[in-house]
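# Survey of secondary and tertiary structure
Letter by letter, the chains look like this.
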Amino acid sequence: MSQDEIKRYLQDHPETKYIDGLLFDMCGFALGKRYPIRDAAKLYEDGLTMCAAVTLLDATGNTSDPKGFGVSDGDPDALAFPIPGTLSTVPWAAEPTAQVLMSMRRPGSGDIVPFEPRQVLQRVADRFKELNLTPVVALELEFYLIDLERDAEGGPLPVRSPATGRRMDSKKVYSMDTLDEFSDVLGAITDACAAQGVPASVASTEFAPGQFELNLNHVADPIQAADHACLLRRCVKSVARQHGMDATFLSKPYAVESGSGLHIHISLLDSDGRNIFDESVDSQETRMRHAMAGLQATMGQSMAFFAPNLNAFRRFEPNLFVPVTTDWGYDNRSVAFRIPSGRGPAKRIEHRVAGADANPYLTLACVLAGLHHGLSRELEPVSPPRDGNAGEEVDPALPLTIWRALDALPEAEILKEYLGADYVDIYHTVKSNEFLDLLSAPLPREMQWYL
């Protein structure tokens with residue numbers, strides 16, 4: 001591994017004391033190690049040693065030994081090496097620190113570790129070479145700024161306004177007053193993203209007190225787009241704490257307030273760089289229909305990835321601009337797959353299903369699997385484009401509870417073709433055990449209702 005990148009970085013940042021090597025696990029958590037900068041050359045040449053199955057831990061850090069990885073195999077090591085082009089500063093660090101994304105390899109053979117989420121996405125993205133297509137992707141993430149303090153049951157409390165000191169209660173979407181009140185922290189988040197090469201752009205308030213959305217710019221590399229989303233979440237949480245508040249990407253932190261989503265905007269370029277969804281390229285929208293059909297065919301199979309925990313399924317209620325059917329449509333926020341108002345080269349699909357706490361790599365892998373499935377088989381949608389409110393009634397065929405979504409994974413043949421049968425089985429094992437562990441102790445409402 002060339003050390004040129006770190007050498008150039010240290011010429012520009014000679015005060016650097018540490019370098020963090022990190023990657024993201026199945027739950028989207030950042031894992032890694034911190035090296036003193038004097039060992040940076042060792043990190044680049046020899047790699048970072050860590051347990052190969054570390055990306056298979058559940059939300060509590062426990063292992064389920066899926067497919068025998070993590071306990072039965074003796075928990076062997078892998079070597080993680082820096083990914084070129086991902087070295088950046090850590091603006092919130094107490095002392096000058098650099099950061100670089102890593103990817104794992106098997107010692108000796110140098111083979112990739114196939115269950116690293118980034119590699120799962122890479123395998124699916126590579127399938128588009130068969131179609132001579134390049135996905136162009138941007139992600140949008142909704143989140144809440146919340147108080148560092150918690151309520152009596154450990155739940156979140158609305159953030160206090162930096163301007164007034166009062167807890168937020170405004171529900172005005174697109175409120176400029178709220179953006180002004182939080183301009184310092186939002187500006188610092190944007191600056192931190194820029195320092196880390198994360199193309200955060202438009203910020204807006206959402207439908208609940210302290211809820212915001214940040215958009216990421218489109219890139220012609222789905223793996224890089226998912227990197228950006230993971231790093232954005234890390235930036236938001238870290239900068240929020242610097243400003244005396246906290247942040248959460250939990251899908252439904254408040255029972256009576258809006259949920260937070262992870263929306264994916266995607267178009268596809270042909271070998272001549274033309275957007276195949278552009279009406280001047282395909283006036284009959286033939287390939288758009290094929291793409292929509294593939295997304296419809298894989299939505300049910302993918303729900304356990306789009307909603308990775310019990311809380312995430314609380315978003316899916318009627319009349320909340322959250323998809324509860326497999327409908328698609330034009331400039332309609334009540335559908336699962338929306339074609340926004342942009343036309344020509346800007347024409348794209350907005351996938352609106354996933355919660356904000358879903359793993360960006362795995363979510364995007366499922367979306368790309370659906371697109372490739374529909375395009376390669378020239379499928380037709382099971383329904384016409386929807387006008388009006390598609391969210392009035394829940395589609396009973398969709399697995400909109402965690403137990404039904406997990407039960408769907410063993411038969412998820414399309415996902416297994418793209419993500420790999422072993423990985424879908426691994427995910428099923430880890431998340432099923434995580435859910436059972438969650439239920440192993442009485443919940444507060446059980447005491448209220450049944451004691």
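What counts and how
- Residues numbered from 1 in each chain as written.
- Predicted model: local features only at pLDDT ≥ 70, side-chain atom pairs only at ≥ 80, totals over all residues.
- Heavy atoms only, no water.
- Core = buried A, V, L, I, M, F, W, Y, C linked by side-chain atoms within 4.5 Å.
- Buried < 20%, exposed > 50% of the residue type's maximum accessible area, 1.4 Å probe, protein only.
- Contact = heavy atoms within 4.5 Å.
- Helix = DSSP H or I, 4+ residues; strand = E, 2+ residues; numbered from the N terminus.
- Arc of directions from axis to C-beta.
- Polar contact = N/O pair within 3.5 Å; in protein donor to acceptor, adjacent residues only side chain to side chain.
- Expected span 1.5 Å × (residues − 1).
- Phe/Tyr/Trp six-rings, centres within 6.5 Å; stacked < 30°, edge-to-face > 60°.
- Lys NZ or Arg CZ within 6 Å of the ring centre and 35° of its normal.
- Salt bridge = Lys/Arg side-chain N within 4 Å of Asp/Glu carboxyl O.

## Digging into the nonpolar core
Membership of the largest hydrophobic core comes to 129 residues, with the highest contact counts inside it found for I19, L145, I349 and L419. Contacts of I19, omitting those with residues within four sequence positions, involve I6, K33, R34, Y35, I37, A40, L43, Y44, L87, A98 and V100.

## Quick look at helix α1 (residues 4-12)
Taken residue by residue, α1 has E5, I6 and Y9 as its buried positions. Considered in projection along α1, the buried side chains sweep an arc of 90° and stay on one side of the axis. Check the buried side of α1 and you find it contacts β1 (18-24), α2 (40-46), β5 (88-89) and β6 (97-105).

## Details of the side chain of S260
Take S260: it is sitting in the loop between β11 (246-248) and β12 (262-269). A polar atom in the side chain of S260 sits 3.2 Å from the side chain of Q211. Those residues within four positions of S260 in sequence are excluded, and the remaining contacts are E142, F143, Y144, Q211, L250, S251, R315, G355 and A356.

## A few points about helix α5 (residues 183-195)
Along an α-helix, residues three or four apart share an orientation, since each turn contains 3.6 residues. Across its 13 residues, α5 extends 18 Å between first and last C-alpha, which sits within 8% of the 18 Å expected from 1.5 Å per residue. All buried positions along α5 are accounted for by V185, L186, I189, A192 and C193. Angular distribution of buried residues about the axis of α5 spans 120°; they occupy a single face of the element. With respect to the buried face of α5, the exposed residues turned more than 90 degrees away are D184, D191 and A194. Of the surrounding elements, those touching the buried residues of α5 are β7 (134-150), α4 (176-181), β9 (200-205), β10 (211-216) and α6 (222-242). Looking one or two residues beyond α5, the residue adopting positive phi is G197, at roughly 75°.

## Here's the deal with the packing of aromatic side chains
Counted according to the given criterion, the structure contains eleven aromatic pairs. On the numbers, 6.0 Å between centres and 55° between planes, the contact of W328 with Y330 is tilted. Of the residues examined, W328 reaches a relative accessible area of 3% and is grouped as buried. Here the aromatic cluster, defined as three or more aromatic residues joined through ring pairs, consists of F143, F182, F212 and F249. In this arrangement the basic side chain of R315 is found over the ring face of F316, its NZ or CZ atom lying 5.2 Å from the centre.

## A word on the environment of T190
Position of T190 among the secondary structure elements: in helix α5. Between the alpha carbons of T190 and F249 there is a distance of 17 Å; along the sequence they are 59 residues apart.

## Focus on the environment of G85
Inspection of the secondary structure assignment puts G85 in the loop between β4 (77-82) and β5. Through-space distance from the C-alpha of G85 to that of R233 is 19 Å; in sequence the pair is 148 residues apart.

## Some thoughts on the pattern of salt bridges
For side chains bearing opposite charge, pairing can occur when the charged atoms are close. What the rule picks out here adds up to 24 salt bridges. The salt bridge partner of D147 is R160, with a shortest N-O separation of 3.7 Å. Here the residue D147 occupies a position in strand β7, and R160 occupies one in the loop between β8 (156-158) and α4, the gap between them amounting to 13 residues. Since its relative accessible area comes to 12%, D147 is described here as buried. Take R160: its relative accessible area is 40%, and that puts it in the partly exposed class. Between R289 and E380 there is a salt bridge, with the nearest N and O atoms lying 2.9 Å from each other. Taken together, the residues span a long stretch of sequence, with R289 in helix α7 (residues 286-306) and E380 in the loop between α8 (360-377) and α9 (402-408) at a distance of 91 residues.

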